[in-house]
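Overview (structure and organization)
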Amino acid sequence: MATDTGGRFDGDELRTGLGLDDPRRLARGAAGIVGFVAVWHLVSLTQPAYVLPSPAAVGGSFAEELSSGTMTTALWSSVRHWVPGTIVGTGLGVAAGVAFSWSGLLDDVTAPLVRTLRPVPPLALIGFAIAWFGINDAGAAFIIAVGAFWINFYASYGAVEGVSEDLLDVGRTLGVGGDLDMVRSIVLPASLPGILTGVRTGLGRCWMLVVASEIFGVPGVGREILRASNNLLVDTVIAYILVLSLMYLLVDVAFRAVQRRVLVWRA
Amino acid sequence: MNDGPMGEDNGPMGEDDGPMGEDDGPMGEDDRTGATTGESGVVVDAVGKTYEGDGPPVRALDDVSFAVDGSEFVCLVGPSGCGKTTLFRIIAGLTDASDGAVRLAGTPVTGPTTDMGVVFQEYHLFPWLTVEENVGFGLERSDRSEAERERRVDEMLGLVGLAEFRESYPKSLSGGMKQRVAIARALAVDPELLLMDEPFGAVDAQTREMLQRELLDVWASTGKTVLFVTHDVAEAVTLADRIVVMAAEPGRVAEVVDVDVDRPRERDDPAFGEHVARVRELIGARP
């Protein structure tokens, strides 16, 4: 692809990504968090810990889980589900979305199948995950991949549909010959903004799916949340939810920096 | 400014030798079905287009015939709805004709070809490519060496005066600059014909006049054959050696007008005004 993806990331981009370049915005955001925690604290004083634990209790659980090593083990395990699941699901979703949207024939052939499979929630496929992969990392990654697939499939499908017919005409008059050349030189770069929006949505959705993917007994952050829920350890539940939030934040900021870099040509 | 266009005198064919006698009246009486191998420029031969839809078929173009000789500058004008854009797309090979044929240098046009440099009204630059990458886009598909391609891009950027913007993305360019890039991109592959559809329709009047002058300079220095579609009669009289005037319902050639005005043409020249009045009358007078 001809898009300029070279060059290094510099601190400015990261600061912009995190919102650190605008002190006023940063201050307001911080105020929001402090306000939220304060209200949470006040409400928690009126409730038993199994309904709403105090922020301090959650902090304590967080530190405890972290220092005992349980949290890092669980996180590492979830990362091993999230990374392959997201990569495989995203890759297949984008490839299928672009191909089915571009090719009228493929679209006709697959449309009824797509409409049948689309409403199936990833969770309903747990039986297949166990049967095909077993109760292991691959099974959990499979559930995540299914979720990533559909988000990226529809985002890419729509993005390719939205590519201007005029740009394709220009390509034809400049000697672009054949589907492969057209997709590579015009369709993909023209639809890249839409595709990347889908990828970004998928990255977040896949962290949510981590919980679902570990429901059948594979260890990880999701498993810890489910285990703590069953024991009414709400402070531990929230501590692990925070882990997922932090992971999402980290990935999202990094991805936005990449996105900005890749789409530098955009107005 | 040296505006002596090479086309007028140096064209491989004198104007009167064109495949279509100019005084023959709009509809070809002569039989031009046999392609002459020595043909240069573009020949539009009895082209018709019928759109079949839910309702009765619509005849958008009927028996359209004219020729643009090598190195000649021809404008195509007509009222809205006369099928100018349909004809443009047929000549470019982007739409099929229902009948008749278009020949470029004697070869029938059956689809888009790099022998034609096409410029659209809305520029349609590739926004993800820099100015130089846009200009070099067509060259990447040619069998030129990399050094040759780079030299060609440099040459084109110099021709349209955008060398210093080579690394800019289209988003940061003005409308006039974008259209210069589009022209450079179309010319880069060294086409036989430069085919333009209302290319200056989207820019302000001042930029438009500047672009018209620049286009004449480019034409003079490259000796390209140009077919330029416009709805602006004054623009056509400013630019063209000949003007193909179209009429609507169905779209057809009303008349072909020679523009016998020395270049550079000034709008306050009485001869200029006469030509504008004549073409306007043709557009208005024909039902």
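Residues numbered from 1 in each chain as written. Chains lettered and ligands numbered in written order. Predicted model: local features only at pLDDT ≥ 70, side-chain atom pairs only at ≥ 80, totals over all residues. Heavy atoms only, no water.

We now examine the overall build of chain B. In terms of regular secondary structure, chain B is built from eight helices and ten strands. Here chain B holds 287 residues, and the buried ones make up 54% of them. Contacts in chain B between residues at least 24 apart in sequence constitute 71% of all its contacts with a sequence separation of at least 6. Accessible surface, chain B: about 12300 Å² in total, of which carbon and sulfur atoms supply 45%. (Helix = DSSP H or I, 4+ residues; strand = E, 2+ residues; numbered from the N terminus. Buried < 20%, exposed > 50% of the residue type's maximum accessible area, 1.4 Å probe, protein only. Contact = heavy atoms within 4.5 Å. Areas by Shrake-Rupley, 256 points an atom, 1.4 Å probe, with all protein chains shown as cover.)

On to unusual backbone geometry. A cis amide bond links Glu249(B) to the next residue, Pro250(B), at an omega of -10 degrees. You can see Pro250(B) is positioned in the loop between strand S9 (242-247) and strand S10 (252-258). In this structure, the amide linkage connecting Arg263(B) to the following residue, Pro264(B), adopts the cis form with an omega of -5 degrees. Summarising the element assignment, Pro264(B) is placed in the loop between S10 and helix H8 (270-285). Located in the positive-phi region is Leu232(A), a residue other than glycine, with phi close to 60 degrees.

So, on to the sheet that holds strand S6 (residues 116-119) of chain B. What holds strands together in a sheet is hydrogen bonding between their backbones, with the strands either parallel or antiparallel. Residue and element names in this part refer to chain B. Taken in spatial order, the six strands make up an open sheet running S6-S7-S8-S3-S9-S10, and their pairing is mixed. The open sheet has two edge strands with one neighbour each: S6 and S10. Strand-to-strand, the axes of this sheet are offset by a mean angle of 15 degrees, without reference to chain direction. With four bridges joining them, strand S3 (residues 73-77) and strand S8 (residues 225-229) adopt parallel strand pairing. Considered in S8, the bridge of Val 74 is made with Leu 227. Along the sheet, helix H6 (residues 205-222) makes contact with S3, strand S7 (193-197) and S8, crossing S3 at roughly 140 degrees. (Pairing = 2+ DSSP bridges. Axes fitted to C-alpha atoms, helices over the stretch in contact; angles between N-to-C directions.)

Glancing now at the interface of chain A and chain B. Tallying the contact residues gives 22 residues for chain A and 21 residues for chain B. Across the chain A/chain B interface, buried area totals approximately 2000 Å², and carbon plus sulfur atoms make up 69% of it. On inspection of chain A and its partner chain B, the count reaches two salt bridges. For Arg141(B), the salt bridge is made with Asp181(A), and the minimal N-O distance between the two is 2.9 Å. Taken together, the connections running from chain A to chain B amount to five residue pairs in polar contact (both at pLDDT 80 or more). Per element, the largest residue contribution to the side of chain A that touches chain B is seven residues, and it comes from helix H8 (residues 165-173) of chain A. (Buried area = accessible area lost by both parts, 1.4 Å probe. Salt bridge = Lys/Arg side-chain N within 4 Å of Asp/Glu carboxyl O. Polar contact = N/O pair within 3.5 Å; in protein donor to acceptor, adjacent residues only side chain to side chain.)

Once that is clear, we can look at the domain arrangement of chain B. Accessible area lost upon the coming together of the parts is a frequently used measure of interface size. Residue and element names in this part refer to chain B. Looking at the assigned domains, one finds that chain B contains domain 1 (38-115 + 193-287) and domain 2 (122-190). Contact residues are listed per partner, giving 15 residues for domain 1 and twelve residues for domain 2. Note on domain 1 versus domain 2: buried area summed over both sides is about 1100 Å², and carbon and sulfur give 69% of it. Per-residue buried area on domain 1 facing domain 2 is highest for Leu 194, Val 218 and Lys 224; these three make up 33% of the total on that side. Linking domain 1 to domain 2 there are two salt bridges. Linking Arg 180 and Glu 214 is a salt bridge whose minimum nitrogen-to-oxygen distance equals 2.7 Å. Counting across the domain 1 and domain 2 interface gives three residue pairs in polar contact (both at pLDDT 80 or more). Elements supplying a minimum of two residues to the side of domain 1 that touches domain 2: S7 and H6. It is H6 that provides the largest number of residues to the side of domain 1 that touches domain 2, a total of seven residues. Here the residues of the side of domain 1 that touches domain 2 sort into nine nonpolar, four polar and two charged. (Domains from an automatic or database assignment. Nonpolar A, V, L, I, M, F, W, Y, C, P; charged D, E, K, R; others polar.)

So, about the pairing of S3(B). Residue and element names in this part refer to chain B. Taking burial as the measure, the five residues of S3 include five buried ones, the bulk of the element. Burial along S3 is two-sided: Phe 73, Cys 75 and Val 77 and Val 74 and Leu 76, pointing in opposite directions, are all buried. In the sheet, S3 pairs with S9 via four bridges, with the strands oriented parallel. Within S9, the position partnered with Cys 75 by the bridge is Ile 243.

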